[in-house]
Amino acid sequence: MVVQIPEMDFGWLIPEIVITVFAIATLLLTLLRKKNGTWFLVEAMPLIGAIIALYYTFQLWNGNLDIFNHLYTIDNFGVFFRGVVLAILILVTLLSYRYVDREDMARGEYYTLLLFGTLGMMIMVSSNNFITIFIGLELMSISIYILCGLMGGNAKSVEASLKYFLLGAFATAFLLYGMALIYGTTGMLDIREIAGYLNSGNFMATPTFMAGLALLIVGFGFKTASVPFHMWTPDVYEGAPTSITAYMATGVKAAAFGAFLRVLYTAFHPFLPGWTFMLWILAVATMTLGNLTALRQNDVKRMLAYSSIAHAGYILIAMTVGDRSLSSTVLYYLLVYSFMTIGAFAIVMILGRKGFPNTGIESYAGLAGRHPVIAAAMAVFLLSLAGIPPLAGFMGKFYVLTDAIRSGYYWLAVIGVLNSVVAVYYYLRVIMYMYFKEPEAEIGIPDFSIGSTVAIAISVAAVFYLGIFPRVFLMIAHSSTNIFM
């Protein structure tokens, strides 16, 4: 028996290697720490690692090839999503500097898990093989289960971690069963080979195959917080450290939608009528329930959790369309959503103090009079989330709804517009409290740091730039989705 050793071309994996090396180095520096000065190195490692990895990720643009016996793929789609999750890592790291210290979290473990979580996201979006996608998903999920419970002595944080772990285990089981059933009926794990087999004319859909497809959608639906698989989201987002909530609401969602889009638009495109109907229902339920429940929230952090559910519904509209040439809208929306959501959670974070999170809407009353710059930044993020021009959120919703109308999904577009109108109410409610209400309680001095200031400034600039000049990013997104053509 001849054993074939796959070609080991590690040059294409430099971004992943950099993140791995920096994660291990961060852990070792934590273990070897002998004097306080070492914490500076521990805190700097994720930022330096992410910047270096981002640089090498850009070098992979247009490098279309498979490595390690087709287990890993280098293409523009993967490069785009790797760039997005690395940018999210940079912003979350900047936000975390003072916050981790304030909440008495284990700094070394925190930054190490952030790096490993990002590594999982990068792996998840860079493969056409079910095995590799699953490994990436698990690496990401395990890191975040622990990160959710890192606030020592905080019962809500521990509850969030346990709840996310238990429900995440169910979702993983659904996803794995789905992959197993697809493998059982096709004998293949590579999604391009599955697509080729389905298009060959020799395949007939069986109940087992359709059950496998349905279970895959359930598994990805959990990770993207789509209704009815969203039950964990409000409690976990509320109980987790706010920096990790921002990381989950953006990084996990971007990676999950990236892998979901790749699997659906590559392997299962021949079954378009079947899964578009399922996604249609998921999109409507996710938007509507997310927005209607957000209306009743008096806690801003919890309101943003339901808002993130609603935005998953808008992204599902773009996926429901099923037109490969329009799939770049999903990428653009995720990019826009990441900046405005991280920005909003950053404001929530800096208004809190140890033991006093100040997430109730009454804490925002009169904020514009006391801290006009913070109120203005929050207003920008909320208006963008509401879809007010010329901010990036408006362009994201505009492209999503335009794609739905172009493809004949008129009712889906109408429901999307109605949901956007509903959403404006709860975003404007917070702005009204900031600008037109008298302060009801003293919330103390905002917990500013250089890192959080830079992260908020970058997010505000991105929200304006992506809204006013969307064309260049749409072109990049379009180049990324050429893999589906």
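See above for the structure.
No experiment lies behind these values; they were computed from the predicted model shown.

Cut-offs applied
- Residues numbered from 1 in each chain as written.
- Predicted model: local features only at pLDDT ≥ 70, side-chain atom pairs only at ≥ 80, totals over all residues.
- Heavy atoms only, no water.
- Helix = DSSP H or I, 4+ residues; strand = E, 2+ residues; numbered from the N terminus.
- Phe/Tyr/Trp six-rings, centres within 6.5 Å; stacked < 30°, edge-to-face > 60°.
- Buried < 20%, exposed > 50% of the residue type's maximum accessible area, 1.4 Å probe, protein only.
- Core = buried A, V, L, I, M, F, W, Y, C linked by side-chain atoms within 4.5 Å.
- Contact = heavy atoms within 4.5 Å.
- Expected span 1.5 Å × (residues − 1).
- Polar contact = N/O pair within 3.5 Å; in protein donor to acceptor, adjacent residues only side chain to side chain.
- Axes fitted to C-alpha atoms, helices over the stretch in contact; angles between N-to-C directions.
- Parallel < 35°, antiparallel > 145°, perpendicular 65-115°, else oblique.
- Left-handed = near helix turned anticlockwise from the far one by under 90°.
- Nonpolar A, V, L, I, M, F, W, Y, C, P; charged D, E, K, R; others polar.
- Patch = residues over 30% accessible without salt bridge, like charges linked within 9 Å, V, L, I, M, F, W, Y side chains within 5 Å.
- Areas by Shrake-Rupley, 256 points an atom, 1.4 Å probe, with all protein chains shown as cover.
- Salt bridge = Lys/Arg side-chain N within 4 Å of Asp/Glu carboxyl O.

Novice: Which residues make up the environment of F68, and what are the values?
Specialist: Among the secondary structure elements, F68 is positioned in the loop between β1 (65–67) and β2 (72–74). Measuring from C-alpha to C-alpha, the distance between F68 and F116 comes to 21 Å, with 48 residues separating the pair along the chain.

Novice: Can you break down the packing of aromatic side chains residue by residue, with the values?
Specialist: Each aromatic ring pair is described using two quantities: the centre-to-centre distance and the angle formed by the ring planes. Applying the stated criterion to the full structure yields 28 aromatic pairs. A ring pair is formed by Y465 and F469, whose centres lie 5.1 Å apart and whose planes are at 45°; its orientation type is tilted. For F469, a relative accessible area of 47% puts it in the partly exposed group. An aromatic cluster is present here, built from F77, F80, F81, Y265, W275 and F484 joined pairwise through their rings.

Novice: Mind laying out the nonpolar core, listing which residues take part and the relevant values?
Specialist: Among the nonpolar cores identified, the biggest contains 181 residues, and Y110, I144, Y164, M248 and F268 are the most heavily contacted of them. At 18 residues, helix α13 (residues 328–350) tops the list of elements feeding residues into this core. Leaving out residues up to four positions away in the same chain, Y164 has contacts with I144, Y145, C148, F222, K223, W232, V236, M248 and V252.

Novice: Account for the environment of Y177, naming residues and giving values.
Specialist: By secondary structure assignment, the location of Y177 is in helix α6 (residues 155–186). Since its relative accessible area comes to 55%, Y177 is described here as exposed. Between the alpha carbons of Y177 and G219 there is a distance of 9.3 Å; along the sequence they are 42 residues apart.

Novice: Quick rundown of helix α12 (residues 300–320)? Include the residues and the values.
Specialist: The first and last C-alpha atoms of α12 sit 30 Å apart over 21 residues, in line with the 30 Å expected at 1.5 Å per residue. The opening residue of α12, the one whose side-chain oxygen lies 3.0 Å from the backbone nitrogen of K301, is D299. Directly beyond the C-terminal end of α12, a positive phi value near 75° is found at G322.

Novice: Report on unusual backbone geometry, specifying residues and quantitative values.
Specialist: With omega at 10°, the peptide bond leading from V227 into P228 counts as cis. Turning to its location among the elements, P228 is positioned in the loop between α8 (207–223) and α9 (233–239). Residue P390 is reached from P389 by a cis peptide bond, and omega for that bond is 5°. Locating P390 in the fold gives a position in the loop between α15 (372–386) and α16 (392–406). Residues other than glycine seldom take positive phi values, yet N62 does so here, at roughly 70°. Its location among the elements puts N62 in the loop between α2 (38–58) and β1.

Novice: Tell me about the packing of α12 against helix α17 (residues 410–436), and name the residues and values.
Specialist: With their axes 11 Å apart at the nearest point, α12 and α17 run at an angle of 160° to one another. Here α12 is positioned roughly antiparallel relative to α17, judged by the angle of their axes. Where α12 crosses over α17, the handedness of that crossing is left-handed. Counted together, V300, M303, S307, A310, H311, Y314, I317 and T320 of α12 and L412, G416, N419, S420, A423, Y426, Y427 and V430 of α17 form the full contact between these two elements. Taken together, the residues that form the contact of α12 with α17 break down as 10 nonpolar, 6 polar and no charged.

Novice: Hey, could you go over a nonpolar patch on the surface for me, with residue numbers and the actual values?
Specialist: A surface patch of nonpolar side chains, about 530 Å² in accessible area, is lined by F464, Y465, I468, F469, V472 and I476. When contributions to the nonpolar patch are tallied by element, the ones reaching two or more residues are α18 (450–468) and α19 (471–480). Counting residues per element, the nonpolar patch draws most heavily on α18, which supplies 3 residues. Along the chain, the position of Y465 falls in helix α18. Residue class for Y465 comes out partly exposed when judged on its relative accessible area of 42%.

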